[in-house]
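Observations on chain architecture
What follows is each chain in one-letter form.
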Amino acid sequence: MEKKKKRFIMPHLFWIMMGLLVVVSCLTYIIPAGQFGHDPQTGALLADEFTYLGEQHPVSIWRMFMLMLKGLMDSGLVIWVVLTSGAMTAVIMVTGAFDEFLNWAIYKLKDKSENILICIMFILMTYLGGFGGTDALIAVVPIGVMFTKKLKLDPICAIGMSTYATLLGFGTGPVKQATTQMLMEVDIYGAFFTMFISMNFFMVIGLLFLLSYIKKIKKDPTKSLMYSEGWRPDTTQTSTNLDEPKEVNLSWRTIAILSVYFGQYLVLVLYPFIAGSSAQLFDLMIATSVLTAIIGGFIGKLSFNQIGEEFSKGLGGLAFIGFVIGLAKVISLVLTEGMILDTIVYALTRPLMDLSQSVASIGVTAVVSVLNLLVPSAISKAAMLTPILKPVGEALSLSPELTVQAFQYGDGFTNMFSPFLGWTVGSCVIAGVPFFKWFRWVFPKVLCFITISFIVMFFLTEIGWTAF
């Protein structure tokens, strides 16, 4: 009897983090301890002043475990901002405001011409991903399927009008980078307007790719990647009456809930300008998250208990992510206590020292793009990489804002074909597209997005951009 080959299964993030902690602890016995010089007045790292200490400062595995409490406590601010923000979003999602708005928009668009319908749907999905992006948006894939049946397009277009668009917004939108900004200790939403422009720029490019493919398969159906899978436009059933979007009236409740939800981001973005300082921005983020959940919940006719239950579910769903953020801080503590963090940064940046800052920023983006395939979770990856990325940016004289931007672009695009991201793989299953076919379609687009992000990073670095 033939033995079935065991498929590789990516270990749970818990074990990845545990493994990293053990490896880092062992490295303190191996890597020579070293230290950069620091400016006595500003405390800034001096990249051209590095010395080896001549003795090891090992951190045992037991000591590493004993540092966990400190890591969790030191990360408390970031953890609680992430948890309360996630809990607030969970409450808003349960009110059904996003669903009603989307269904209302779909109904209003049902009689529009094909290209207008596709464009507006794509824009709606991108903005939904940019401001409310979670893996729960896999639920919009059936909407894409419905429209592709109506327009006699292949199933790849169903993912293109749903997950492709939402992931594009999620990866380039102005809201996503808040956690990375907190970890890098830069102004939260300080680059909101730049990233809003960036999201729209990439949205237009992504839409043009989709429209080009649709035009190609309309002209010659054999050009469809799904043609070999049996898709034929002449045999594809158009949507039945059951599939047709039903009339939906946009209620005042939905308008009010969405106004409160998006209004909080406007408050957070404008606060530093109005107050003249961002000293209490974290306090404001917690306050607005809790108030948005309460106000949005009551407007959405949720009971006291329902608001409490959904808020607690949202907290619970992100509790592990909070733990991961704490463990990532432990990595930083072990590297610092073992006096090897500066040595690692020195080794990583030495080959880049003779290159321009603009090329160095591109290098950071490229490295994160590759790592994103293995660890798709943006928050987890930010927590894992920040202990290294922050001093690397300092050693290369990159501003923290540029390092955050390089991270976001690196984290933003390879999600579209990561085999470890349930959002992407699940979308393929729902739309009936073999993952390899989807990979073939989206891979060149992702390469184009990444290349453009390199150009943008080069430009931002050259002009000395910090934040706007």
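Residues numbered from 1 in each chain as written. Predicted model: local features only at pLDDT ≥ 70, side-chain atom pairs only at ≥ 80, totals over all residues. Heavy atoms only, no water.

**A short note on the confidence of the model for the protein chain**
The condition that has to hold: Confidence of the predictor in every single residue is expressed as pLDDT, which spans 0 to 100. Each helix corresponds to a stretch of at least 4 residues labelled H or I by DSSP, and each strand to a stretch of at least 2 residues labelled E; elements are numbered beginning at the N terminus. The contact definition used throughout considers only heavy atoms, calling two residues in contact when any of these lie within 4.5 Å.
Averaged over every residue, the pLDDT of the protein chain is 83; residues scoring 70 or more account for 88%. For the protein chain, helix α17 (residues 378-395) is the element with the lowest average pLDDT, namely 73, and helix α2 (residues 61-66) is the one with the highest, namely 96. Confidence over residues 238-242 falls short of pLDDT 50; this stretch has seven contacts with residues more than four positions distant or in other chains.

**Notes on the environment of methionine 146**
Relative to the assigned elements, methionine 146 resides in helix α7 (residues 141-151). Residues methionine 146 and alanine 158, twelve residues apart in the sequence, show an inter-C-alpha distance of 7.9 Å.

**Observations concerning helix α18 (residues 400-412)**
Our working rule: For a helix, the expected span equals 1.5 Å multiplied by the residue count minus one. Per-residue accessibility, obtained with a 1.4 Å probe over protein chains only, is compared with the maximum for each type, and a residue is labelled buried under 20%, exposed over 50%, and partly exposed between these values.
Counted at 1.5 Å a residue, the expected span for α18 with its 13 residues is 18 Å, and the 18 Å between its end C-alpha atoms agrees. Within α18, eleven of the 13 residues are buried, which leaves it mostly tucked inside the rest of the structure. Among the residues of α18, Leu402, Thr403, Val404, Gln405, Ala406, Phe407, Gln408, Tyr409, Gly410, Asp411 and Gly412 are the ones counted as buried.

**A few points about the nonpolar core**
Going by this rule: Joining through side-chain atoms within 4.5 Å is the link that ties buried Ala, Val, Leu, Ile, Met, Phe, Trp, Tyr and Cys residues into a set, and such a set is a nonpolar core.
Core analysis: the biggest nonpolar cluster contains 103 residues, and Tyr164, Tyr189, Trp438 and Trp441 have the highest contact counts within it. For this core, the leading source of residues is helix α11 (residues 192-219), giving eleven residues. Excluding residues within four positions of it along the chain, tryptophan 438 makes contact with Ile156, Ile159, Gly160, Tyr164, Met416, Thr424, Cys428 and Val433. Phe36, Phe50, Val334 and Ala395 belong to the second largest nonpolar core, which has 30 residues in total.

**Some remarks on the side chain of threonine 343**
In plain terms, the rule: Whenever a nitrogen or oxygen atom comes within 3.5 Å of another N or O atom, the pair is scored as a polar contact, on the condition that within protein one atom can donate a hydrogen and the other can accept it, and that pairs from neighbouring residues in sequence are kept only if both atoms are in side chains.
Mapped onto the secondary structure, threonine 343 falls in helix α15 (residues 341-349). Here threonine 343 falls in the buried class, since its relative accessible area comes to 6%. Only 2.8 Å separates the side chain of threonine 343 from the backbone oxygen of proline 32, close enough to count as a polar contact. If near-sequence neighbours (up to four positions away) are discounted, threonine 343 is found in contact with Ile31, Pro32, Ala33, Gly34, Phe50 and Tyr52.

**Overview of the environment of valine 94**
With respect to the secondary-structure elements, valine 94 resides in helix α4 (residues 76-94). Of the residues examined, valine 94 reaches a relative accessible area of 39% and is grouped as partly exposed. Here the alpha-carbon distance between valine 94 and glycine 296, two residues 202 residues apart in the chain, equals 9.9 Å.

**A look at the packing of helix α9 (residues 163-172) against α11**
Selection criterion: Under this scheme, a helix contributes an axis fitted over its contacting stretch, all axes are lines through C-alpha atoms, and angles between N-to-C directions fall in the 0 to 180 degree range. Any angle that falls under 35 degrees is termed roughly parallel, while one over 145 is termed roughly antiparallel, one within 65 to 115 roughly perpendicular, and all others oblique. By definition, turning the near helix anticlockwise from the far helix through less than a right angle yields a left-handed crossing, and turning it clockwise yields a right-handed one.
Interhelical geometry of α9 versus α11 gives an angle of 155° and a closest axis separation of 9 Å. When the interaxial angle is binned, α9 and α11 end up roughly antiparallel. Read as a crossing pair, α9 and α11 show a hand that is right-handed. Residues Tyr164, Leu168, Gly169 and Thr172 of α9 form the contact with α11, whose participating residues are Met195, Ser198, Met199, Phe202, Met203, Gly206, Phe209 and Leu210.

**So, the packing of aromatic side chains**
The geometry of an aromatic ring pair comes down to the distance between the two centres and the angle between the two planes. For clarity, the threshold we go by: Here is the rule: rings of Phe, Tyr and Trp (six-membered ring for Trp) pair when centre to centre is within 6.5 Å. Planes less than 30 degrees apart are stacked, more than 60 are edge-to-face, and the remainder are tilted. For a Lys NZ or an Arg CZ to count as sitting over a ring, it must be within 6 Å of the ring centre and within 35 degrees of the ring normal.
Scanning the entire structure with this criterion turns up 25 aromatic pairs. Seen in terms of ring centroids, phenylalanine 192 and phenylalanine 193 are 5.8 Å apart; in terms of plane orientation they differ by 80°. Their pairing is edge-to-face. Exposure remark for phenylalanine 193: the relative accessible area of 32% places this residue in the partly exposed category. Chaining the aromatic ring pairs together yields one cluster made of Phe122, Tyr164, Phe201, Phe202, Phe209, Tyr213, Tyr409, Phe413, Trp438, Trp441 and Phe449. It is arginine 232 that lies over the ring of tyrosine 227; its NZ or CZ is 3.5 Å from the centre. The positively charged end of lysine 445 is found above the aromatic ring belonging to tryptophan 441, 4.2 Å away from the centroid.

**Overview of α9**
Among the ten residues of α9, ten are classified as buried, and the element is accordingly described as predominantly covered. All of the buried residues along α9 are Thr163, Tyr164, Ala165, Thr166, Leu167, Leu168, Gly169, Phe170, Gly171 and Thr172.

**Some words on the side chain of threonine 28**
Note on placement: threonine 28 falls in helix α1 (residues 13-30). With sequence-adjacent residues up to four places away left out, threonine 28 is seen in contact with Gln56, His57, Pro58, Val59, Val334, Gly338 and Ile340.

**A word on unusual backbone geometry**
Despite not being glycine, lysine 301 shows a phi value in the positive range, around 65°. Here lysine 301 lies in the loop between α13 (281-299) and α14 (304-337). Owing to a relative accessible area of 60%, lysine 301 belongs among the exposed residues under this scheme. Residues other than glycine seldom take positive phi values, yet methionine 339 does so here, at roughly 60°. Mapped onto the secondary structure, methionine 339 falls in the loop between α14 and α15.

**Describing the pattern of salt bridges**
Going by this rule: In the sections that follow, a salt bridge refers to a side-chain nitrogen of Lys or Arg positioned within 4 Å of a carboxyl oxygen of Asp or Glu.
In total, this model carries three salt bridges according to the counting rule given. A salt bridge links glutamate 337 to arginine 63, with the shortest nitrogen-to-oxygen separation between them at 2.9 Å. Taken as a pair, glutamate 337 in helix α14 and arginine 63 in helix α2 lie far apart in primary sequence, 274 residues in all. On the accessibility criterion, glutamate 337 (33% relative accessible area) is partly exposed. By relative accessible area, which is 35% here, arginine 63 ends up partly exposed. Lysine 70 serves as the salt-bridge partner of aspartate 74, at 3.2 Å between the closest nitrogen and oxygen. Of the two residues, aspartate 74 and lysine 70 both sit in helix α3 (residues 68-74), four residues apart, roughly one turn of that helix.

**A closer look at a nonpolar patch on the surface**
To keep things clear, this is the line we draw: Patch membership is restricted to residues that have no salt bridge and whose relative accessible area is over 30%. Joining uses 9 Å for like charges and 5 Å for the nonpolar side chains Val, Leu, Ile, Met, Phe, Trp and Tyr. Working definition of accessibility: Shrake-Rupley area with a 1.4 Å probe, residue cover restricted to the visible protein chains.
Among the surface-exposed residues, Phe193, Leu266, Leu270, Phe273, Ile274 and Phe468 lie close enough to one another that they form a single nonpolar patch of about 670 Å² accessible area. By residue number, the principal contributor to the nonpolar patch is helix α12 (residues 252-275), which donates four residues. When you line up the elements, isoleucine 274 lands in helix α12.

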